Structures are given as C-alpha cells and as structure tokens.
There are 2 protein chains.
Amino acid sequence: MRSVEVSFIRSVLDGRWGDMRDKARKLSEDERFAVVVGEDTETQRARVLERLQALTEYGYSRNGFPTRYGGTNDLGRSITGFEMLAMGDLSLLVKSGVQWGLFGGAILHLGTERHHEAYLRDLIELRLLGCFAMTEHGHGSDVANLRTTATFDPDTDEFVVRTPDDDAAKEYIGNAARDGRVAVVFAQLVTQGESQGVHAFVVPIRDDAGRVLPGVRLDDCGLKAGLNGVDNGRIWFDDVRVPRDNLLNRYGDVAADGSYTTTIPNAGKRFFTMLGTLVQGRISVAGGAASATKVALAIAIGYGNRRQQFQRPDGQEVVILDYLAHQRKLLPALAKTYALHFAQLDLVTGLHETTGSLDAPLSREPRDDPARRELEARAAGIKAVATWHATSTIQACREACGGSGYLAENRLPGLKADTDVFTTFEGDNTVLLQLVAKELLTGYRDAFGDLDLLGTVRFVADQAVEVVVERIGGWRLLQRLRDAAPDITETGSLFDHDWQLAVFAWREKHLLESLAKRLRKAADADDPFAVFNGAQDHLLHAARAHIDNVLLNAFVAALEKLPAGAEQDLLIKVCDLYALSTLEADRGWLAEHGRLTATRSKALVAAVNQLCDDLRPDAQTLVDAFGIPPAALDVPILAGRPT
Amino acid sequence: MRSVEVSFIRSVLDGRWGDMRDKARKLSEDERFAVVVGEDTETQRARVLERLQALTEYGYSRNGFPTRYGGTNDLGRSITGFEMLAMGDLSLLVKSGVQWGLFGGAILHLGTERHHEAYLRDLIELRLLGCFAMTEHGHGSDVANLRTTATFDPDTDEFVVRTPDDDAAKEYIGNAARDGRVAVVFAQLVTQGESQGVHAFVVPIRDDAGRVLPGVRLDDCGLKAGLNGVDNGRIWFDDVRVPRDNLLNRYGDVAADGSYTTTIPNAGKRFFTMLGTLVQGRISVAGGAASATKVALAIAIGYGNRRQQFQRPDGQEVVILDYLAHQRKLLPALAKTYALHFAQLDLVTGLHETTGSLDAPLSREPRDDPARRELEARAAGIKAVATWHATSTIQACREACGGSGYLAENRLPGLKADTDVFTTFEGDNTVLLQLVAKELLTGYRDAFGDLDLLGTVRFVADQAVEVVVERIGGWRLLQRLRDAAPDITETGSLFDHDWQLAVFAWREKHLLESLAKRLRKAADADDPFAVFNGAQDHLLHAARAHIDNVLLNAFVAALEKLPAGAEQDLLIKVCDLYALSTLEADRGWLAEHGRLTATRSKALVAAVNQLCDDLRPDAQTLVDAFGIPPAALDVPILAGRPT
C-alpha cells in the first residue's frame, strides 16, 4: 500500500477557501507577525494595533464587507482568514474580531445605508476604531434585560444615552480602554415614555486626538489571564447626547416626532433578529479555538515523538508517545479536533450561503429561513464544544510537555491563557448549549404544547432564538438512520460507521424525548422553575449528544467524499477514534439505557486503546496535515534546544 | 435543629496544627504579604525575595529544622504553615519550598553533621540561598539516569562536576536565575573509574556579590505560565571543582584515596532511600494545591451566591448558584476538596510521626519502616489527585465567574496559572500514579513472582520505590470491609457509608487483581513492554481507585470522630456527595463489572443532583469554614464593585 500523502489530507482540510489559508500561511512569514512572548501590557497593545494595521495591507479586513464600500464580498473567506490568525497572535485575532466582526458587523447588519456610507470604509481601513458595547457588568448572558437607556428627546432630535448605575456599566469592551473612537452601544430605546427594547446606537467616546469625550467615563479592565494585547475596558454614559441618525435603524426606527416604527412588531422577535447577527462571531470563535488546539497538539505530539523517558528492559529509552497513557492524553483529542474541523467547514459554508451576497440590497424584514435558524443553533453548540475542547486539550498538551510546557517560550501557556475566555465570551457555553436544546425541543412541541406558553422554558434560551421553529433535519445520514429505526445490538462491529451513527442518533433522540417528557410536567407544576432546573443536566446532556452527532455526521460525510486510498483509510481510523472515545466517555449512560452490555462496554474501551496504538505511527502526519505555518511552531521544545 | 456553627467546622478542619493556621492568618494581615497582580518579572522576583525575608521574621523557616541549628523541630507545623501560604502568594510558596523544603531538606536529610553545621543556620535565616539541582533537560521523571557527573580526583581531593552536553543541563531550577549562591547538585558519582550512582553535592554557583563563578553557566528560564516570582534557571558545570567534603555523604562516602563506602550496598536501594526525602515536597505540593483550590471555590461560590442572571416566570432574577448546572460545576468539587483536606491532615500527621524528632542523632541506615513506605506511596498518589483536582476545579471556578473570572484582579487567572505546573513538578502525576500502582501490586507478588525479576515492571515506578515491600493495610475501615467480603447489591441505600466504602474497596481490589493477572503475562511475553504498556490505562485506573478509597476512608474516619449534631449531619452529606459523584464518574466501569444495574446507575445520577440541591444552602458555610484569610478574598468580584 502506498504511504499517506500529507499534502492530500491538507488539501481536504483546507477546503473551499484553501487559497485564503495559503495566504494566511504566507502572512505568517512576515516578521511583523512573529510570535512574541513576555511583553508588558502597553507594549503588547501597541504591537497588536500595528499588526491590525498590517493586516489591512493584506486585505484581511475587506473580505467580510460589501464591494461598494471597499470590501470583496466573501464572508467565508473572511472567516477562514480569521480562523488561520488563531495559529499566531491570539490578541490580534480577538482585536480584529472586535473591530471588523463585532463593531463592523453591527454597523453592517443593524445599520442602514447612511451608516454604511458613514463608517464602513473607515472601519475597514482602520481610520475608525470601534467598540461593540453590549455586555454590562450586571448582564452578560441575559442581554435582553440590560439596563443602559437611550431616551429620545424630540426637542433636540437626539438620543440621551445613560448608564443608570455601576451594574449597568458596559463591561469587558474590546477597544474601549485605549483605541476606540466610537462604540456601538446596546441600550433600551425609550421614546414617548415607552421602552421599545434593546437597540444599537453609534456613540462617539473619544475625539480624534484620543481624548475621552464629555459625559463618557472609561476604565481599563487591566490585566487579564490572557489576550493582553486587547484593550478591554468599561464604559459609563452620563446623559451623552447623539443625533437621532445614530440609531442603527434597520429593524426599528424613531421619527422626528418620537414615534416608533418597526418592520418586526414583536419586540422579542425583533431583539433576537438583531442578535442573530452574532452567529458570525460564534463561528469565528469556534474556528479560532480549533486553530489554537491544532497548534497545541502539533507541539505536544512533536515533543512526544522526540522526548524519551525511562528504559525498556533492553535498556533502550522509550519515546513517550509510545506509552499508552500518553497516547490516551493526546490522540482522542486529535481525533475530535478532526471531527470539529469538518463540522467547522460545514458551518462556514453554511454561514456564507445563508448570508448570501453582502452586496445585495438591505432587507428590513426578519429573516425567516429555517436553514439559517438551524445554522444559528448549530453554531452555538459547536462554539461551546470547540472551546471546551480547546481548554481541555491545550491543558493536556501542556501537561504532556512537562516543565517545558510551562515555559512561555514554548507557546502552550499563551495558547491556554488566551483561549481560556472563549468558553464564556460570545455566549457562555452553558447558556449556548441550552439554546441548542431549546431549538431541538421545538421538534417535540406537540408533545407538550407551545413552548412560548410554557413559561419555564424561557430559561432555556431566551437569549437568542425566541420564535418557535420546526426542528429541521440537518443531516442526511442522521435522518436516514433515524427513519430506519436502527438495530443497536451486540452483533455489529464497533468499527462499523453505520452502527456508530445509529448509536449517536439514538442517544440524541432518547435524551430529547425523555427531556421533553420531563419538561411537560412543568406546565402543571406549582414551581415550573424547579422542574426545569431539575432537568438542567439532562438538557445539557441532550445538547452535547446532538453536537456529538453533528460532528460525527460531518466527519462521515467528509470521508464519503474521499477517494479510496491510504488517506481515506487513515481518516476512517481517526473517525473511529472520535466516535468510540465519545461513546466510551458516556458508556455509563449507554449501559443504563440498555445500549451496551458489559462485554461490549469493555470491548469499547479495548477498541479505543487499539485505535490509539494503530494511529500512533501516523500522529505526526495527522498534525502536519493541519498546515500550521512553521513560524507558529518555531519553539525551542521542538528544536530540541534547552534555551 | 440548631444551625451549623462555622467556627466548629473550621476547628475540625484546622486540625492538630490549628495554631499555626491562625498564625498564618495573622501574617496575611501584614501588608507586606498583600496580593499584587500585574507586576513585571523582575519586580515580582524582588518582591518575593523580600517576602521570603519577612517570613523568617515570623519564624516560618524554623519549624522544619533541628533545635541545635536554630530550628523548632516541628515538621507538621512547618508543612501546615506552607499549606496556608498557598492561599496568598504562590510564588512565595514555591520559593520558600525551594529554599527550605528542597535545598534545606537535602542538606538536612542527605548531609551529615558537618553540612548541618556549615549551612543550616544560614539557610534558615536566608543568609544563604540555594538551589535543588536535580532535574535535567533530558531527564525529569527518570532521574536515576541523569547524566551530570561528579568525578573524584584524589590528587586534589576534589570532585569535578561536569555537564556533558545540553541535554544534561540542570533545568527549571528555582533560585538559579537570580538569587542562589550554592546548589545541591545531583550527579553520577564516579570514583576509581566506577560509577556509584546518583549522589548529591554542594556546589557554589555565585560569589557573595552575586557574580557567577568560573566554570558555571547560568541561564534564565524566562517567562513561565505562572510563578514568575520564582527565578527558575538552567545550570551547566564545566569541570567545576569542589572539595571532597561537599559530597552530602549520609548514605555514601568517598575516602581520600578514592575508595567508596556506603551503608546501603544496593545502588538502587540507596538511590531510592535518598529520593525518599522528596516525600515532604510532595505532601507540601498536595497541601498547596488544596489551599489554592479552596480560595478559588470561595471566590466562585461567593460570586454564585450574589450574581443573578435570567428571570423566573414571575420575573424575579435567579441567583446563579440556584441553577443545577452551576451547582454541578462547583459542589462535587467542593466535596472532593473536603475529602482531600482530611486525607491531607492524615498525611501531614503521618509525615510528622514517621520522620520522628529532627533533633535525634542521624542514622545512616536505610529506613525500613513499612508505615513510611506506605506514606510515601500515599503521598505520591494524593499529590497527583490533589493537583489535578486543583487544575480542573480552578478552571471550573474561572468559567463559573464568566468574564470577571478572566480578570487578574479577581485572582482566578493567577491561581490557575501558578498551580498549573503542580501536576508535573515534584513528580509528574502520571508517573506518580504508576508508583502508587507498583506499591499496591507488591501485595500480589505471589500471583506472578518477584516484581524485581519481572523486568517489565521497572517501567512502573523505578523512580521512587525500588524495593519490593509488603502491601500494608493502611486503613482500618477499608481492611475491615475487605475482610467481610461485602455484599454489593441493589438493596442498600446509596447513602449508606458502609455500602459506599464497600464499593470503593471492591473497585480497588478488583482493578488490582485483574491488573496483576494481566501483568503476569509479561513474564512469558516476547515483548514485556507491550504487555505492560497495553495495561497502562488499567494500572492508572487502579491507582486512582486506590486514592479515591484513601480519601473516602479519611473522610469517614473524620466523621466518626465528630459529635452528633448539625455539623456532622452537614459533613455527612458532603461525604456522600464526594462518594457518589466519584462513583457516578466511573459508573460505566461499575456497570461493566456487574456492580450497578441500570436502575441503580440512574439512581446514582439522581442522588448526586439531590445532594447538590440539599447542600446548596450550605455552600457558603462550607467555604467559610476553610478559614481563608480575608486578605486572600479581597477581590472586586466579591465586593460587587465593577472596578
């Protein structure tokens, strides 16, 4: 059998926007982007701003914007480029996300032509730096209840933006502490004495010379665990006045007389339509987390392949990746990273296609596209799973490198610290999984009535999808297997993908159905919160099972597209390891529900060990195929030098 | 029923050296020890050295040394004080551990009167700062094979210390980069052309003015993930000559003519006797990890009790610790922290008592105390479990505090980063668990012959216990239950401690017996390494099961000593949560081995949820009882201030 071609696997992983990945690899050769550790906060912030400027030279900022404002109208390309940045300077990644994804995205998606005309060219080229001021000190996950107000004053044709107290101060806002000139501020719009819910407003915070404007108070969040190249800060507004035009008025507007108009009369639906624009950020964070995970795995596996410790009986020292315990730390995580990669490729394509052309005329109608709603839930779930996977995998890689893994020069501390907040920003993971579960539960609404009437489920995920939608079957294979009422018995091989898919699908379905039954009780309960809360772990389990299933289906679908050969054979084993190690981790539950006998459960554990052994010789190939730029892996630990 | 008295639980937790804990609490009021974040490395190093000096004013350094050199001969008190330091500045903790525990401990335990006379007074009072130079770049876990040499030259009556190449450079050595004047260097002793294995030598590295001495090369390890107040460095020796007297000659000596004498003729046994002195370091690290975990839990639970997010159906906002998912993140970890605390109290007492008086005359005979050997294995296992528990719990606490948890001012980033290396220093956790397993396996040696003849098991744990010893029954309850051939069936209550103890004991026993059977095959195998390696996950599981059992027994024994009352009732629930959440996490294995039916397995999950709900109102009490000094919890997140 011919040997595996790394370049072939790489091209499969690179996917549709592979040329953008190559461009990003090229960029990493530019010394201005070299990895630097140990700078103090001010130096690091200055450097990251310079790098952001350098990115514009590479046209990095243009992809996600319409052609008429200097963009190139290629959203998938934009996200792919962002994903690749995460192999290098993660502060740069996040600052670029703040500037172009969040601030720019809010102007683009919530504003109208006058805002696009006024801001897009400048923000793309970094003549205008901006903030995305949504989170408040007291409200992070529950942003519908944030408390900053923007009250319309018809006498002056202005909105008056006010922070009522410290709890309502805008918190953790990127670009606020140092570089931002304006902020897109999310506030309760009040006009004619009535609140119309959360809307976004453009509010200047510094003048051109960088001086803080009157009525604005800024504070620096100071040192963080990581991402210290990003200038996060807090903002208070003391009756700051902005012209009426500064309302980003795509979905709701105020006339000169103070009358409010909207194309989405339902306030909840309007709010969640606005929040739907956050999906891009979540997909970007998931991709960034995956990139950082890949770098960590490449370092730990590269080290595991050269580091020796303890001797065999014949006196020969053992390469540590030969130890089963070491393989167990790294190889199932590597397999899941592959699964996440394929799911991410699907997400980015889905975002690109459901968003459509950025050059199309702006619609003010709410989006009513089931594919888009499914994408939003899937993005939320994959963001949660990908970022937790990054946290646990980078931690394991650090430990797998011992003392060397603790030194900043070997990058693992930075990768860990910089990505740590990914699990709680752009939506707290636990909240996001509840959002996923709510979306899935809507498929069961016949079982227990309209979810909106069932107050208890407001807790689940009011945050981002409020409307009750039909559950859509997102994955061909999953659906086929469900319809077939799969036989999940002792007989099949553990390595049979149809069996794996059937178990994953059954697990998800069973968790959801039993969850729906439990939650139905809330309708009649004296304390519906108690019923909901008692099932919260069940609900999170169901959401995880769903995402596990999404990942497996994405992986299997990718395998089906490959030509037969050594690469397909290898990736089939990687997929097996993902599937079986996922089931192994949940085998208690599977046994409880009659899906695993004792014998088969033990066989599952043995199969994971066997796959670790089988894949161990190809571990290096599998990380090489990620196509990580050499500059990102230029660390002493891989060069074998002690200094 | 009367309410729980926090002070009573605190006094139980404080244990035998409670007055030392109070002294440490007092010390934390001294502003010189205030928590500071965001200093650059050089400032932090200077500050930590000042703090180390201030510790001597409090007599902190004297407890672990003999009276005749200015000590107070109270080892348990010394470890207890160290443990408390870990609630504050963790760099100070580690630097003090390097200076007094490792450097001072090596002089005390490996040296003889002339070394004590020459160094102890000065090192206690910090007139002499020293390094413990064991680890090399190429050999961390496998220190028996380290490659620095100390060759005796009878012509000059000196040892010549040499670093043969970069791989043998001393690595991660605390006090090396900045403050150390001498190093205790572990090197292969060569005399009369023969190597006598690893011995320790006192080697000066800097003069009194801090200038590096000729033949010594020092390098700074630079920025680390955390602990940047500790000046870790690398050391190379280029034929550095030291007088013969600088050999720490308690167990092996060289005469003027170059002849080697020892009271422990077996080289392996000699080496492991020397390493036995490391047990104190491991116990200290376990205690330090537990302290940092307690601080993190106090922050996250305090925040969880005040932070509100999302509304109940009646519009009231929910305190986040009321959510089951939040309780699941924090309360089982809190319960395990209690279990670890009681096991740690036993460890410290065991160390204190098996060490005996530090004022006693020095024996040069190898220690042949079974209680001490059991203690060494137990310390290794608890160190591994406590430090992994710290890593995962502090991570969970960080996430439970959202964005606030990511800010340095709220301490969680520092707690995480500073303790991260605990899992791999003072013995890599995976290696330590193998050491535990080897110790346990010796009880089964009749089943498969002498372990020493079975080359394969050299991999298990040659690092620290080489001699084959009898397995000793360390815990009364465990032993009693084993002897009773416990009935582990459907019938008992999950909350019955006898049932819990029986399951824990059975699990350990079954894992060990089946492991012994698997390893026996290695004796006849063509590739014994493959047999060993294929069982490595099994072996680690057995070691973990043992330590789980040690923790449960320590907890139950502590409960038995309490008077009946509200405090005992509460702690019984905490113990239940530890026991049942541990079993829940391994319920797949238990089901595989016929110890849990599907029904009972589900009941286990429900019981953990129920316990979370039951304990939630007392969560604050349980962290208050740790007696963490207020200064350690003086963080904005608990004061509710946004800045």
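Up top you'll find the structure we're talking about.
Residues numbered from 1 in each chain as written. Chains lettered and ligands numbered in written order. Predicted model: local features only at pLDDT ≥ 70, side-chain atom pairs only at ≥ 80, totals over all residues. Heavy atoms only, no water.

A closer look at the relation of the copies chain B and chain A
Superposing chain B onto chain A takes a rotation of 180 degrees plus a shift of 0.0 Å along the axis, which leaves an RMSD of 0.0 Å. Overall, the copies show the geometry of a two-fold rotation axis. Relative to the rotation axis, the closest C-alpha in chain B is found at B:G588, a distance of 1.8 Å. Take the interface residues of chain B: 99% of them recur as interface residues in chain A, which is what a same-surface contact looks like. (Least-squares fit on C-alpha atoms with pLDDT ≥ 70 in both. Contact = heavy atoms within 4.5 Å.)

What to know about the packing of helix α3 (residues 41-57) of chain A against helix α5 (residues 90-110) of chain A
Residue and element names in this part refer to chain A. Two elements in contact, α3 and α5, have axes separated by 10 Å at closest approach and are oriented at 60 degrees. Here α3 runs over α5; the crossing is right-handed. Counted together, Q44, V48, L49, R51, L52, L55 and T56 of α3 and S91, L92, K95, S96 and W100 of α5 form the full contact between these two elements. When the residues that make up the contact of α3 with α5 are grouped by side-chain class, the tally is six nonpolar, four polar and two charged. (Axes fitted to C-alpha atoms, helices over the stretch in contact; angles between N-to-C directions. Helix = DSSP H or I, 4+ residues; strand = E, 2+ residues; numbered from the N terminus. Left-handed = near helix turned anticlockwise from the far one by under 90°. Nonpolar A, V, L, I, M, F, W, Y, C, P; charged D, E, K, R; others polar.)

Some words on the pattern of salt bridges
Residues and elements named next belong to chain A. Evaluation of the coordinates by the stated rule reveals 82 salt bridges over all chains. Ionic pairing is found between R178 and D179, a salt bridge with its closest N-O pair at 2.7 Å. Residue classification places R178 among the partly exposed residues on the basis of a relative accessible area of 27%. A single network of salt bridges, built from pairs that share partners, joins E42, R45, K95, R178, D179, D220 and D231. (Salt bridge = Lys/Arg side-chain N within 4 Å of Asp/Glu carboxyl O. Buried < 20%, exposed > 50% of the residue type's maximum accessible area, 1.4 Å probe, protein only.)

Describing helix α7 (residues 267-275) of chain B
All names here are of chain B. Residues of α7 that are buried include every one of R270, F271, F272, T273, M274 and L275, and no others. As for α7, its buried residues are in contact with α5 (90-110), β6 (194-204), β11 (260-262) and α8 (279-304). Here α7 starts with a cap whose side-chain oxygen sits 2.8 Å from the backbone nitrogen of G268, and that cap is N266. (Polar contact = N/O pair within 3.5 Å; in protein donor to acceptor, adjacent residues only side chain to side chain.)

Topic: the interface of chain B and chain A
Quoted interface sizes are often the accessible area lost when the parts come together. Taken together, the contact between chain B and chain A spans 85 residues of the former and 84 residues of the latter. Across the chain B/chain A interface, buried area totals approximately 6,900 Å², and carbon plus sulfur atoms make up 54% of it. The tally of links between chain B and chain A comes to eight salt bridges. Note that B:R328 and A:D537 form a salt bridge whose closest N and O atoms lie 3.9 Å from each other. At the boundary of chain B with chain A, the tally comes to 56 residue pairs in polar contact (both at pLDDT 80 or more). The residue makeup of the side of chain B that touches chain A, split by class, is 30 nonpolar, 30 polar and 25 charged. (Buried area = accessible area lost by both parts, 1.4 Å probe.)

Observations concerning the sheet that holds strand β7 (residues 216-220) of chain B
Residues and elements named next belong to chain B. If you trace the three strands from one edge of the open sheet to the other, you get β4-β8-β7, paired in antiparallel fashion. The strands lining the two open edges of the sheet, one partner per strand, are β4 (170-173) and β7. Averaged over all neighbouring strand pairs, the angle between strand axes comes to 25 degrees, with direction disregarded. The pairing of β4 with strand β8 (residues 233-237) spans two bridges and is antiparallel. Along β8, the bridge assignment pairs I173 with G233. (Pairing = 2+ DSSP bridges.)

Side note on the nonpolar core
Counting 357 residues, the largest nonpolar core has A:Y338 and B:Y338 as its most contacted members. Looking at this core, the element that brings in the most residues is helix α9 (residues 324-355) of chain A, giving 15 residues. Those residues in contact with A:Y338 that lie beyond four places of it in its chain are A:I9, A:L13, A:F555, A:L571, A:V574, A:L622, A:A625 and A:F626. Among the nonpolar cores identified, the runner-up in size contains 24 residues, and A:C131, A:A133, A:V242 and A:Y260 belong to it. (Core = buried A, V, L, I, M, F, W, Y, C linked by side-chain atoms within 4.5 Å.)

Some remarks on the packing of aromatic side chains
For the structure on display, the rule yields 24 aromatic pairs over all chains. Consider the rings of B:F159 and B:F201, whose centres lie 4.9 Å apart with planes at 65 degrees: the pair is edge-to-face. Here B:F201 lies in strand β6 and B:F159 lies in strand β3 (residues 158-162), a separation of 42 residues in the sequence. Each member of the pair, B:F159 together with B:F201, is buried. Each ring, one from B:W506 and one from B:W589, has its centre 5.8 Å from the other, and the planes form 50 degrees; the classification is tilted. Highlighted residues: B:W506 in helix α16 (residues 497-520) and B:W589 in helix α20 (residues 587-592), separated in sequence by 83 residues. Accessibility expressed as a relative area gives 19% for B:W506, which makes it buried. A relative accessible area of 6% places B:W589 in the buried class. Ring-pair connections join several aromatic residues into one group, and the members of that group are A:F152, A:F159 and A:F201. The ring of A:W499 carries A:R600 above its face, with NZ or CZ at 4.4 Å from the centroid. (Phe/Tyr/Trp six-rings, centres within 6.5 Å; stacked < 30°, edge-to-face > 60°. Lys NZ or Arg CZ within 6 Å of the ring centre and 35° of its normal.)

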